[in-house]
Every structure is written in structure tokens, then in C-alpha cells.
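Structure assessment
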Amino acid sequence: MSRFIARRFASMDAYVPGEQPSDMEYIKLNTNEMPFPLPDFVANAVKNELDKLQLYPNPDGSRLINKLSEIYDVDPENVIIGNGSDELLAFTFLAFFEAGVVFPDITYGFYPVYAKLYDVPYREIPLADDLTINIKDYTGIGQNIVIANPNAPTGIVLGPEDIEILAKSNPDYIVAIDEAYIDFGGETAVQLTKKYDNLLVIHTYSKSRSMAGARLGFAIGSTPLIEDLNKMKYSFNPYNVNRLTQVLGEAALNNEAHFVQKRNEIIEVREYTHKKLEELGFTLTDSKANFLFCKHPDIGGFDLYSKLKDMGILIRQWNKPRIFDYVRITIGTREQMDALITAIGQIGLKDLRTKKEKKSYEKK
Ligand code: PMP
């Protein structure tokens, strides 16, 4: 750290993304990417655009926004695009959460980071013991709310009826629903944004649309909310989504059958892996995302992560109270998941914990 950094950032911890190592080829099941590359009908779309890179992109992203508004059955003025959904989350914190925000104690790790970055007071509301969100904790709470749905890293999903309760019971506060993983088994709350002017739904192309590397997200909400987010965008980086990404984003919407097929493939492999892990003695949450969240009585989260890393498989683990026993495993191809199951079998999970560790696990 230099001696020039603003005082308010000196003690701030930045977000730590999942590791992206280049020392060897891993089976990468740690950052919830899709295992499938972009199909040709999307990838080919950038070819013509390469000749135009000397020109700035359209700051409004209007072609892409028009197409998104058709797919999601909303008006174009109800959509904004961002450089990944992270950027739209950042704009949301900046624009709306001055008075504070609440979110679950176990959720996407970027929320507290944005809160600190923008000097937003925040309160973490504990998940129930079974790691579900208790809607009653947020009903009529009289505070701004951000919730990932499905939640991360638990994968547990709320229904649109729950989201409606939140929006309806907190009419003077923003309810931001981060639907990064909604396409893998949840039901989107997008249509509710027509009824509730305080509801903002944030989506990403990074997961179900196989475009994490292109950085593209979008948010849907009432016209005034989107105007406010645009104010943030035009005060920060009007050209936030580059030309190539805008074109890819548009092309990706040209074949919804392909999208549904790939998404369904992940759901199928998730259910297959869930069953296999249960057979190996794991306890899992009911994840409706493209990852599983699980723990095993014979091994702690960090040890399992380390052993699998040594075997060339990357998963994610957090040194965080309540979930340090858990690991999060991204769903890859069927072959990748079979390799994971084989590797876990080879570890031989029995009796890897010391007696003391076992005692403390059993108490939980
Ligand atoms: N929300 C959640 C819950 C996530 O897990 C992620 C991925 N790290 C994001 C938002 C951000 O995704 P992106 O910026 O790639 O759209």
C-alpha cells in the first residue's frame, strides 16, 4: 500500500476472486463458469465487429437492450447493461443504499466489499440453521435489501412469491435480487418489476450463457430505477460494455433452444453429481444453481479442497464461520464430474479428521 491511498480505503479488504491458476491444467470447478465454449453462431458474430474496434461502442447498448427486452418481455427503458453483473451491483450500492442495506450472513462475498467501498452501512442477517433464508426476517424490515437468488454459495432458491412479499412489504426501500444463477432451476422475478417500482432484478451472461470472459450483465427494473443506474454509469464509464461483448450478447439471444439445451445439461449433471456425492457420505443443500454446496463428516472443507487441488481439481472453500466445513463445487461436464467422484474415492475419506476435529464437527 502506498502512503497516498485515501484514508477510508487503507484498512479496506478487497474482494478475493476464486483462483485462476496458470501453473498447470486443472479441472476447474471453482468459479461457477460453464464448461462449454461459446457455440459458433455466437463466436462468429464478432468477426465483422473486429473491423470497427477503432470506434467507441454504442454507449446505450440499444441493440442488445432491445433484444433483451424482447426476450424478457419488458420495455427497453427497463433494461441496463453492465460490465458483468458485478458492475451493476456496484451501481446499485452506489445509487440506492446510502441509508444502508441488509443481506444474509452467508452470501455473495462482494456485497460487504461494495458496502465498504461506497461507505454503505450494512447488516448481515443470519441464515437459518439449515442455511435457508427466512423470508420473515426481511418482511417489512424497512431497509434496503440485496439477496442472491439462488443464494450463493448455498444454491438454495426462493420462489417469486417470496420475492413479491419482500417488495410489497418494503415499498419505500429497494429490493435488489441478484439472479446470477436463476436459469439453473429457479423462477425469475423479472415480471414482478412491472408491479413493484422498488424491485430490481440483476442477471449475468457469465453463468448460463457461457460468457464469463466477455463480462456482460444486465438489470431490469422500473423506468426511474434504470434511469438512476444510468446516471451512475454515465458518471463512471459510459462505454462500460465493449463492442465485441455487445455483439456477442446479442448473438447469444438468437438461439434460445441451444441455451435451454446447455442449461438442462448442467441441471442433469448437477442431479447426477448430487446423488453420487450423497452415496459417498456427503451432506448437500438443495442447490438449484450450477454448483453444489456440501460437507463430509470425515474431512474438513480446507483439507478436501487441498487434497483435490493436489490431484488437479479446483473447488472453492471459505475460511468463514458456519461454512468452513463446506466446499462449493461447480458443475462441469459429466466427464469432469466423474473425475471428481473418482478423485474423492481415491482420497479415502474415512478417519481423515483428528478425534478433536470430529468432536467439534459432531457438535454442529
Ligand atoms: N452475483 C453472484 C451471486 C455471483 O456469484 C457472481 C459471480 N461471481 C456475480 C454476481 C458476478 O458475476 P459477473 O460479474 O460475472 O456477472
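Residues numbered from 1 in each chain as written. Predicted model: local features only at pLDDT ≥ 70, side-chain atom pairs only at ≥ 80, totals over all residues. Heavy atoms only, no water.

**Describing the packing of aromatic side chains**
Convention followed: Only the six-membered ring of Trp is used, alongside the rings of Phe and Tyr, when aromatic pairs are assigned; centres must lie within 6.5 Å, and planes under 30 degrees apart are stacked while those over 60 apart are edge-to-face, with the rest tilted. Going along the chain from the N terminus, every DSSP run of H or I of four or more residues is numbered as a helix, and every run of E of two or more is numbered as a strand. A 1.4 Å probe rolled over the protein chains alone gives each residue an accessible area, and that area as a share of the maximum for its type sets the label: buried under 20%, exposed over 50%, partly exposed in between. Look at NZ for Lys and CZ for Arg. If either is within 6 Å of the ring centre and within 35 degrees of the ring normal, a charge sits over the ring.
All chains considered together, the criterion is met by 17 aromatic pairs. Between Y181 and F291 the ring centres are 5.0 Å apart and the planes differ by 90°, which places this aromatic pair in the edge-to-face class. Taken together, the residues span a long stretch of sequence, with Y181 in the loop between β6 (175–178) and β7 (199–204) and F291 in strand β10 (residues 291–295) at a distance of 110 residues. In terms of burial, Y181 and F291 fall into one category: buried. Above the face of the F291 ring, R328 is positioned so that its terminal group lies 5.6 Å from the ring centre. Just above the ring of Y272 sits the side chain of R334; from NZ or CZ to the centre is 3.6 Å.

**Structural notes on a negative patch on the surface**
To be explicit about the condition: Like charges are joined within 9 Å and nonpolar side chains (Val, Leu, Ile, Met, Phe, Trp, Tyr) within 5 Å, but only among residues with over 30% relative accessible area and no salt bridge; these make up the patches. Only the protein chains shown count as cover for residues, and the accessible areas themselves come from Shrake-Rupley with a 1.4 Å probe. Only one rule defines a salt bridge in this text: a Lys or Arg side-chain nitrogen within 4 Å of an Asp or Glu carboxyl oxygen. Within this scheme the basic residues Lys and Arg register as positive and the acidic residues Asp and Glu register as negative, but His and the chain ends are omitted. In this description, the location of a charge corresponds to atom NZ of lysine, CZ of arginine, CG of aspartate or CD of glutamate.
On the surface, D75, E77, E227 and D228 cluster together into a patch of negative charge. Following the sequence through the fold, E227 ends up in helix α8 (residues 223–234). You can call E227 exposed: its relative accessible area is 53%.

**Focus on the sheet that holds strand β3 (residues 101–104)**
Under the convention used in this document: Strands pair, by our definition, only if DSSP identifies at least two bridges between them. Think of each axis as a best-fit line through the C-alpha atoms, taken over the contacting stretch in the case of a helix, with angles from 0 to 180 degrees between the N-to-C directions. Working rule for contacts: check all heavy atoms of both residues, and any pair within 4.5 Å makes them a contact.
In spatial order, the strands read β2-β8-β7-β6-β5-β3-β4; together these 7 strands make up an open sheet with mixed pairing. This sheet does not close on itself; its edge strands, each paired only once, are β2 (79–82) and β4 (122–125). On average, each strand axis in the sheet is inclined to that of its neighbour by 20°, with strand direction left out of account. Where β3 meets strand β5 (residues 144–148), 2 bridges bridge the pair, whose relative direction is parallel. The partner of V102 across the bridge, within β5, is I145. On top of the sheet, helix α4 (residues 62–71) reaches β2 and β8 (217–220); it is set at about 125° to β2, its chief contact. Lying on the sheet, helix α7 (residues 160–169) is in contact with β5, β6 and β7; it crosses β6 at an angle near 155°.

**Section: the site of the ligand**
We count it as follows: We call a residue near a given molecule or strand whenever any one of its heavy atoms falls within 4 Å of it. Pairing of N or O atoms within 3.5 Å defines a polar contact, subject to two protein rules: one partner must be a possible hydrogen donor and the other a possible acceptor, and residues neighboring in sequence count only if both atoms are side-chain atoms. Under this grouping Gly is polar, as are all residues other than the nonpolar Ala, Val, Leu, Ile, Met, Phe, Trp, Tyr, Cys and Pro and the charged Asp, Glu, Lys and Arg.
Close contacts around the ligand come from G84, S85, D86, L89, Y108, D178, A180, Y181, T204, S206, K207 and R215, and that covers them all. Y108 has a polar side-chain atom sitting 3.2 Å from a nitrogen atom of the ligand. Protein contacts shield 91% of the accessible area of the ligand, which totals 400 Å² for the unbound molecule. The element best represented in the shell around the ligand is helix α5 (residues 84–96), accounting for 4 residues. In terms of residue class, the shell around the ligand is built from 4 nonpolar, 4 polar and 4 charged.

**Focus: the pairing of strand β12 (residues 327–330)**
Residues V327 and I329 line one face of β12 and the alternating positions R328 and T330 line the opposite face, and both faces are buried. Here 4 bridges tie β10 to β12, and the two strands are oriented antiparallel to one another. The residue of β12 that forms the bridge with F291 is T330.

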